[in-house]
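Below are the chains, spelled out letter by letter.
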Amino acid sequence: MDFTLSKEHAMAQQLFRDFAHREVEPLAQEVDEFHRFPRETVDKMARCGMLGIPFAKEYGGQGCDTLAYVLAVEEMAKVCGTTSVILSAHTSLGAGAIDRFGTADQKKKYLTPLATGEKLGAFALTEPEAGTDAAGQQTKAVLDGDEWVINGSKIFITNAGEADIYVVFAMTDKAQGTRGISAFIVEKGTPGFEFGLPEKKMGIRGSSTRELIFIDCRIPKENLLGREGKGFGVAMGTLDGGRIGIAAQALGLAEGALDKAVAYVKERKQFGRPIAKFQNTQFQLADMKCEIEATRWMVYHAAATKDAGQPYTVEAALAKLKAANVASDVTRRAVQLLGGYGYIQEYDVERMMRDAKITEIYEGTSEVQRMVISGALLK
Amino acid sequence: MNIVVCIKQVPDTNEVRIDPVRGTLIREGVPTIMNPDDKAGLEAALRLKDEMGAKVSVISMGPMQADLVLREALAMGADEAYLVTDRAFGGADTWATSCTLAAAISKMDYDLIITGRQAIDGDTAQVGPEIAEHLQIPNISYAEAVRVEGDEVVVKRQYEDRYHTVRAKMPALLTALSELNDPRYMTPGGIFDAFREKTVTIWTRADVPVDDGNIGLNGSPTRVFRSFPKTVKAPGMKIEEGVDESVQFVMDKLREKYIL
C-alpha cells in the first residue's frame, strides 16, 4: 500500500494548482456575484486539455486516469465551486456516459469533440417528479421510422444552455418502470429542443442550471445510447463516476475554506494577540484538517478503485457521503472562525459555504449514498 | 529545423530566504521551478515548432533531481530531453558550466540554441553568451521577439531605452527574456507521456567531450569572495507641496542626477 501520488500525478496536481490560482481564482467572486458562466475559463481549460483528462487519446482525450481528473476537480474547487462543477458535469456525466456506454461510432462523433474541449457536455435525468426516484420519468421517446421523437422536460440540468451535447433519459416503455428507461444523445440546436430560464441558486451560481424542454424533438435512431430499456443502468453507472467527481469537488471546497481560515487566524488579532493563539481556534483547525485528510484518502481510493477496473459503486458512495458532509461542516466552521468577516463576500468563505451545500444534494443526495452503502452491507 | 533549449532548475525565489550569517540562499525545503527566462525560451522554441515545424530538444546541467524540470519541458511539448549530470561537474561557475554545456550541445544537431537571459538564483547572464563563444556562433542576447526567415533568425533585442532588430545567420544562439511570451501550460496528457512514454537521456562525464581543466569546481576560475544580502536603500522622500511645486521639485532632482 502506497499513499503517495506518482510523479506524473504530482506534476499534474501542480499544473492544476497553478491553473486554478492564475486563471480561476481571480474570477471566482465575480462569477458568483453576477451568476456569470465563466466561458473564458472553459475555453482555457479546453486549450490545456483539461476537458478530456480521463479519456483515451484515440478519442481526443488526454489518456490519463480518474485520479488525475479528481485532482483537477479538487484544485478548481479549492478556489471556485462553479468552475469545478462545470468540469465535473462535463467530464463525469456528459462525456463519461458516452465514453462508457457509447458505440465506437458514437464515441468518434460525440466523445471526440467533448474530450478535446471543442464542445461541452451535460447529462439530463432529473424531472419535476423524478429525482431520487428515477423511475418516475415522464419524458417519453417514441420510435418513428428512423427517428426517435422526444417529448417532455428535464429540470436542474447543469451546463444547460452552455453545453452542446446532452445525454437525455426518457421512457420508451412506461409500463416497464426502470426497465422502460432509455438514454439518448441530443445535440443543442436540434429543432424541438429548447431551454428554460436559468435557475437562481444558493451556490455554484456561475454554473448554468436550466430546464430542458422537448417538444416533438426528432433525433436519429442511432443516437440511442446503450440498448433500449437499459437507460437506468446507463444513468446509475454514469452517476457512480459522477459521485467521485462531486466528492472531489466537496474535498476541494473544504480545503479551500481551511486555507482561508488558516491565513485569517494568523492575521486577526483580538485581546492583543492573533486568534491563532487561542486553543479554540487551534482545535477547530485540527478537527477540520483531520476530516479533510480522512476524506482525501476516501476520494482518491474511490478513483484508484475505478482506475483498477474494479467495482467502485460503494467506494464512490462512501467518498461522496463523507466529502459532502465534511465540505458543509468545514466551510461552516471557517465562516465561524472568520466571524463577521466570514459573512462578508470579500472573504470568500461565505461563498464556499453556499457552494458546499449542493454537494449533499446533487448526483445522489446523501440519503441515496446511505441507501447504496447500507444496501451493500445488508445484501 | 533543430532547436536546442537550455533550461535550469532553480529554487522558487518567491519562497526563498537568505541565511543571515552566510549570506547564501537557504535552498532546503524550497520548491523548485523552471527558470522563468528559460521557460520563455522554451515557449519561443515551441511556437517556432508550431509555426514552421522543428524538433525541440531541451538540455540541463544539474543534479538528478533536474530530471523533473526536463519532464516539465517534455510535458509542454519538447521532443527530447538531455540531463548532463555527474559529480565531476559539481561546483561549476559560469565558465565551467558553459564549457560543459557547449561540449554536450556540440554532440547534437542544432540550428538555433535558446537560453534564458539569466537564472533567478545566480543572475549572471553569462552562460548563454559563453556557450555561443565556445561554439563560435553568433549570439543575440535579451530577445523580446523572435522569428525565423530562411536561414536567418531575426530578433528584437531589448535595451533600457530602445530596441535593436538584429539578424543573424543560423546556427545562432539567443538569450530570451521572460517578457518574450506567456508560456503555455503543460497538458495532463503531456505530463503522463513525459513520465510513461518519453525518456530523459543521461549524459555523465564520459559522454561529454570537454577538458578536465574546464569542468566542475576545479575548472572554475571564479572565487566568491563574500556574499551578503542586498542592503536596504535609503527611504524615499515625501514632498508635501502643491502639484506645481512638487512637479518642479521632481524635475529639478532628475536634472540634478542627470537623468533628464
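As the structure is a prediction and not an experimental result, all values here were calculated from the model.

J.: Help me understand the overall build of chain A in this model?
T.: Secondary structure assignment for chain A yields 11 helices and 10 strands. Expected size for 379 residues packed as a compact globule is a radius of gyration near 21 Å; at 21 Å, chain A falls within 12% of this value. For the C-alpha atoms alone, the extent of chain A along its principal axes is close to 80 × 45 × 40 Å. Residue burial in chain A is summarised as follows: out of 379 residues, 54% are buried. Considering only contacts within chain A whose residues lie at least 6 apart along the sequence, 73% involve residues at least 24 apart.

J.: What am I meant to see in the overall build of chain B here?
T.: Summing up its helical and strand segments, chain B has 6 helices and 13 strands in all. Viewed in the frame of its principal axes, chain B has a C-alpha envelope of about 65 × 50 × 40 Å. Long-range pairs, those at least 24 residues apart, make up 71% of the contacts in chain B between residues at least 6 apart in sequence.

J.: What exactly am I supposed to notice about the packing of helix α9 (residues 313–342) of chain A against helix α10 (residues 349–357) of chain A here?
T.: Packed helices, taken two at a time, are described by their axes: the angle between them and the distance between them. Residue and element names in this part refer to chain A. Across the interface, α9 lies against α10 with an axial gap of 8 Å and an inter-helix angle of 155°. Here α9 is positioned roughly antiparallel relative to α10, judged by the angle of their axes. For the element pair α9 and α10, the recorded crossing hand is left-handed. The segment α9 lies against α10, with Ala 327, Ser 328, Thr 331, Arg 332, Ala 334, Val 335, Leu 338 and Gly 342 engaging Val 349, Glu 350, Met 352, Met 353, Ala 356 and Lys 357. Residues of the contact of α9 with α10, tallied by class, amount to 8 nonpolar, 3 polar and 3 charged.

J.: Is there a simple way to think about the packing of helix α5 (residues 81–101) of chain A against helix α6 (residues 104–116) of chain A in this case?
T.: Residues and elements named next belong to chain A. Following both chains from N to C, one finds α5 and α6 inclined at 150°, their axes separated by 10 Å at the closest point. Classified by the angle between their axes, α5 and α6 sit roughly antiparallel to one another. Considering only the axes of α5 and α6, their crossing is left-handed. For the pair α5 and α6, contact is made by Gly 94, Ala 95, Ile 98 and Asp 99 and by Gln 106, Lys 107, Tyr 110, Leu 111, Leu 114 and Ala 115, respectively. Here the contact of α5 with α6 is built from residues that sort into 6 nonpolar, 2 polar and 2 charged.

J.: When you look at the sheet that holds strand β12 (residues 172–176) of chain B in this model, what are you seeing that I'm missing?
T.: Where strands meet in a sheet, backbone hydrogen bonds hold them as pairs that are either parallel or antiparallel. Residue and element names in this part refer to chain B. Taken in spatial order, the 9 strands make up an open sheet running β11-β10-β9-β12-β8-β1-β6-β7-β13, and their pairing is mixed. Looking at the sheet topology across the chains shown, the edges are occupied by β11 (163–169) and β13 (200–203). Averaged over all pairs of adjacent strands, the angle between their axes in this sheet comes to 30°, without regard to strand direction. Here 4 bridges tie strand β7 (residues 80–84) to β13, and the two strands are oriented parallel to one another. Bridging across to β13, Tyr 82 finds its partner in Thr 201. Running over the sheet, helix α3 (residues 94–105) touches β1 (2–6), β6 (55–61), β7, β8 (112–116) and β13 and is turned about 145° from β6. Along the sheet, helix α4 (residues 127–135) contacts β8, β9 (139–149) and β12; its crossing angle with β12, the most-contacted strand, is approximately 180°.

J.: Is there a simple way to explain the nonpolar core in this structure?
T.: The tendency in soluble globular proteins is for nonpolar side chains to be buried as a group. All names here are of chain A. Counting 190 residues, the largest nonpolar core has Phe 184, Ala 250 and Val 299 as its most contacted members. If one sorts the elements of this core by residue count, helix α7 (residues 231–267) sits on top with 17 residues. Not counting chain neighbours up to four residues away, the residues in contact with Phe 184 comprise Ala 141, Trp 148, Ile 150, Val 168, Ala 170, Ile 219, Asn 223, Leu 224 and Leu 225.

J.: What am I meant to see in the pairing of β8(B) here?
T.: Taken residue by residue, a regular strand's side chains alternate between the two faces of the sheet. All names here are of chain B. β8 sits mainly inside the fold: 5 of its 5 residues count as buried. Both faces of β8 are covered, namely the face carrying Leu 112, Ile 114 and Gly 116 and the face carrying Ile 113 and Thr 115. Examined bridge by bridge, β1 and β8 share 4 bridges and lie parallel to one another. Looking at β8, one finds that Val 5 is bridged to Ile 114.

J.: Would you mind showing me how to read the interface of chain B and chain A here?
T.: Facing the 12 residues of chain B at the interface are 15 residues of chain A. It is helix α5 (residues 188–196) of chain B that contributes the most residues to the side of chain B that touches chain A, 6 residues altogether. Grouping the constituent residues of the side of chain B that touches chain A by class yields 7 nonpolar, 2 polar and 3 charged.

J.: Can you walk me through helix α6 (residues 243–256) of chain B in this structure?
T.: Note: α-helices contain 3.6 residues per turn, so residues at a spacing of three or four share the same orientation. Residue and element names in this part refer to chain B. The end-to-end C-alpha distance of α6 is 20 Å, a good match for the 20 Å that 14 residues give at a rise of 1.5 Å each. Across the 14 residues of α6, 0 count as buried, placing the element largely on the outside. Just downstream of α6, Tyr 258 is the residue with a positive phi angle, here 60°.

J.: Help me out: how do you make sense of unusual backbone geometry in this one?
T.: If a residue is not glycine, its phi is most likely negative; likewise, a peptide bond is most likely trans. All names here are of chain B. Following Met 170, the chain continues into Pro 171 via a peptide bond in cis, with omega recorded as 10°. With respect to the secondary-structure elements, Pro 171 resides in the loop between β11 and β12. Its identity is not glycine, yet Gln 136 carries a phi of approximately 55°, on the positive side. With respect to the helices, strands and loops of the structure, Gln 136 is situated in the loop between α4 and β9. Located in the positive-phi region is Tyr 258, a residue other than glycine, with phi close to 60°. For Tyr 258, the location among the structural elements is in the segment after α6.

J.: I tried to follow the environment of B:Lys169 on my own but got confused; where do I start?
T.: All names here are of chain B. Mapped onto the fold, Lys 169 is located in strand β11. Considered as a pair, Lys 169 and Leu 112 are 57 residues apart in the sequence and their alpha carbons are 9.7 Å apart. In contact with Lys 169, not counting residues within four places along its chain, are Pro 138, Asp 151 and Glu 152.

J.: Just to check I follow, could you spell out the environment of A:Cys48 for this structure?
T.: For A:Cys48, the position within the fold is in the loop between α3 (39–47) and α4 (66–79). Residues A:Cys48 and A:Gln284, spaced 236 residues apart in sequence, show a C-alpha to C-alpha distance of 38 Å.

J.: Can you walk me through the confidence of the model for chain B in this structure?
T.: When pLDDT drops low, the exact placement of atoms in the prediction is not to be read closely. Chain-level statistics for chain B give a pLDDT mean of 91 and a share of 96% at 70 or above. For this predicted complex, the interface confidence reaches an ipTM of 0.94, while the overall pTM sits at 0.91.

Basis of the calculations
- Residues numbered from 1 in each chain as written.
- Chains lettered and ligands numbered in written order.
- Predicted model: local features only at pLDDT ≥ 70, side-chain atom pairs only at ≥ 80, totals over all residues.
- Helix = DSSP H or I, 4+ residues; strand = E, 2+ residues; numbered from the N terminus.
- Rg over C-alpha atoms; globule rule 2.2 N^0.38 Å.
- Buried ≥ 20, exposed ≤ 12 C-beta atoms within 10 Å, placed from the backbone.
- Contact = placed C-beta atoms within 7 Å.
- Axes fitted to C-alpha atoms, helices over the stretch in contact; angles between N-to-C directions.
- Parallel < 35°, antiparallel > 145°, perpendicular 65-115°, else oblique.
- Left-handed = near helix turned anticlockwise from the far one by under 90°.
- Nonpolar A, V, L, I, M, F, W, Y, C, P; charged D, E, K, R; others polar.
- Pairing = 2+ DSSP bridges.
- Core = buried A, V, L, I, M, F, W, Y, C linked by C-beta atoms within 7 Å.
- Expected span 1.5 Å × (residues − 1).
- pLDDT = per-residue confidence, 0-100.

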